[in-house]
There are 2 protein chains.
Amino acid sequence: MNIGDVSTRLGLPAKTIRYYEDIGLIKPLRSANGYRSFVAADVHRLAFLGRARALGFSIEDCRTLMALYRDESRASADVKDLAKEHLGKIEAKIRDLQMMHATLSELVESCAGDNRPDCPILSDLSGLSAAIG
Amino acid sequence: MNIGDVSTRLGLPAKTIRYYEDIGLIKPLRSANGYRSFVAADVHRLAFLGRARALGFSIEDCRTLMALYRDESRASADVKDLAKEHLGKIEAKIRDLQMMHATLSELVESCAGDNRPDCPILSDLSGLSAAIG
DNA sequence: CCTTGACCTTCCTGCGACTGGAACCCTCAT
DNA sequence: ATGAGGGTTCCAGTCGCAGGAAGGTCAAGG
């Protein structure tokens, strides 16, 4: 399989696949013409990467996860720990975003949104937080 | 005021303040020795920036917000629209993260996390999603 | 046989919003 | 004179790719 086929199959951009090779996550063989030649194992690794990335794991986490996957003597605790740490980061991000959301939606609600210049959003940002009550 | 004082006051790294000058968000004067010399208006602008960034607005959004703030003939609708669009992006990110969180926490819960190699997290990533049921 | 168009290749640059570090200047106290 | 603790500029790196240039390859059609 050429890169385009893999890209279509997995929904991963060819650029991304080449990048993954660059950083050593996959090592597809080459055809005589120099094209990358993907076998089932490569496609499988890429699919693994795609799913791990979709769960928000960093590239380095993915590298670790793939190493664990290939290590038949792994302890599932190692995988779980990695996942739990990632889960913690996700939770932290969600909290941050929810804080922003809470503040910002209050401000948005309190803004008339008409032709007049008075705006509690700008008031708040400027430090004259006499807007919310 | 020198950059260090402003940095301490606002809790913004000096590097960040220099960066904001680089990209034209502030234009502090210079002392005879070449040091940046911040007056109250500069500090105010930086504080504005800090708050807008803390709400997750992009630098370009901040630029627009500051322009609106200085434009006394602005329409609050313009500010509100910008904020609402940003709110939408925040909501999208929260949803994405919550999806990740849901999937990942299920996987984490179903993983024994002991010395054995069997791991539903890896099974799921590998595509053999025979783990969750 | 030649061309066209769709593939593929490598290499370089840019994104956003900084951060780290090198190499150097200024100021003040000792 | 020296040392500590400011400040300055500029360049490189972060993360995970995306965009684009310049060129090689291949199958089909005229």
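Counting starts from 1 at the beginning of each chain's written sequence and moves along it residue by residue. Whichever chain is written first becomes A and whichever ligand is written first becomes 1, with later ones labelled in order. Residue-level local features of this predicted model are given only where pLDDT is at least 70; pairs of side-chain atoms are given and counted only at 80 or more, and the full residue set underlies all totals for whole chains, interfaces and linings. Side-chain measures were taken over the full set of non-hydrogen atoms in the model, leaving aside hydrogen atoms and water.

### Focus: a negative patch on the surface
Residues and elements named next belong to chain A.
Reasoning step 1: Residues Asp71, Glu72, Asp78, Asp81 and Glu85 make up a contiguous surface patch of negative charge.
Reasoning step 2: Mapped onto the elements of the fold, Asp81 is located in helix α5 (residues 76-109).
Reasoning step 3: Using a 1.4 Å probe on the protein chains alone, a residue whose accessible area is under 20% of its type maximum counts as buried, one over 50% counts as exposed, and one in between counts as partly exposed. Relative accessible area serves as the criterion here: at 45%, Asp81 is assigned to the partly exposed category. Patch criteria: residues need more than 30% relative accessible area and no salt bridge. Like-charged residues are merged within 9 Å; nonpolar side chains of Val, Leu, Ile, Met, Phe, Trp and Tyr are merged within 5 Å. Only the protein chains shown count as cover for residues, and all accessible areas are computed by the Shrake-Rupley method using a 1.4 Å probe. Salt bridges are defined as contacts in which a side-chain nitrogen from Lys or Arg sits within 4 Å of a carboxyl oxygen from Asp or Glu. In summary, the charge assignment counts Lys and Arg as positive and Asp and Glu as negative, without counting His or the chain termini. Here the site of a charge means atom NZ of a Lys, CZ of an Arg, CG of an Asp or CD of a Glu. Labels follow the DSSP assignment, with helices taken as runs of H or I lasting at least four residues and strands as runs of E lasting at least two, numbered in each case from the N terminus.

### Considerations on the relation of the copies chain A and chain B
Mapping one chain copy onto the other needs a rotation about an axis and a shift along that axis.
Reasoning step 1: Superposition of the copies was done by least squares, using only C-alpha atoms of residues whose pLDDT is at least 70 in both. The two copies are related by a screw motion: chain A maps onto chain B through a turn of 180° and a shift of 0.0 Å along the axis, at an RMSD of 0.1 Å. In short, the pair behaves as if placed about a two-fold rotation axis. Using C-alpha coordinates, one finds that chain A approaches the rotation axis most closely at Ile94 of chain A, a distance of 2.9 Å.
Reasoning step 2: Contacts are residue-level and defined by heavy atoms, with any inter-residue pair within 4.5 Å sufficient. A share of 100% of interface residues in chain A that are also interface residues in chain B marks the association as one of identical surfaces.

### So, the protein's contact with DNA strand C
Reasoning step 1: By convention in these notes, a residue is near a molecule or strand provided one of its non-hydrogen atoms lies within 4 Å of it. If you check the shell around DNA strand C, you find 18 residues, and the closest are Gly4 and Arg36 of chain A together with Lys15, Tyr20 and Arg53 of chain B.
Reasoning step 2: What you see for DNA strand C is that sugar and phosphate hold 70% of its atoms within 4 Å of the protein.
Reasoning step 3: Polar contacts, as counted here, are pairs of nitrogen or oxygen atoms within 3.5 Å of one another; within protein the pair requires one atom able to donate a hydrogen and one able to accept it, and residues that are adjacent in sequence qualify only if both atoms are side-chain atoms. Contacts to DNA strand C include Gly4 of chain A, whose backbone N or O atom sits 2.5 Å from a phosphate oxygen.
Reasoning step 4: One of the side-chain N or O atoms of Arg53 of chain B is found 2.8 Å from a phosphate oxygen in DNA strand C.
Reasoning step 5: Listed by contribution, the elements that provide at least two residues to the surface near DNA strand C are α1 (3-10) of chain A together with α2 (14-22) of chain B.
Reasoning step 6: If you tally residues by element for the surface near DNA strand C, the top one is α2 of chain B, at four residues.
Reasoning step 7: Ten residues, namely Ala, Val, Leu, Ile, Met, Phe, Trp, Tyr, Cys and Pro, are considered nonpolar, four, namely Asp, Glu, Lys and Arg, are considered charged, and the remaining ones, Gly among them, are considered polar. Considered class by class, the residues forming the surface near DNA strand C number seven nonpolar, six polar and five charged.

### Side note on the interface of chain A and chain B
It is common to give the size of an interface as the accessible area that goes away when the parts come together.
Reasoning step 1: Residue-level contacts link 51 residues of chain A with 51 residues of chain B.
Reasoning step 2: We define buried area as the total accessible area lost by two parts upon association, computed with a 1.4 Å probe and summed across both. Taking both sides of the interface into account, the surface hidden between chain A and chain B amounts to around 4300 Å²; carbon and sulfur atoms contribute 74%.
Reasoning step 3: Linking chain A with chain B are zero salt bridges.
Reasoning step 4: In this structure, the connection of chain A to chain B is made through 20 residue pairs in polar contact (both at pLDDT 80 or more).
Reasoning step 5: Residue contributions to the side of chain A that touches chain B peak at 21 residues, all from α5 of chain A.
Reasoning step 6: Looking at the side of chain A that touches chain B residue by residue, the classes come out as 28 nonpolar, twelve polar and eleven charged.

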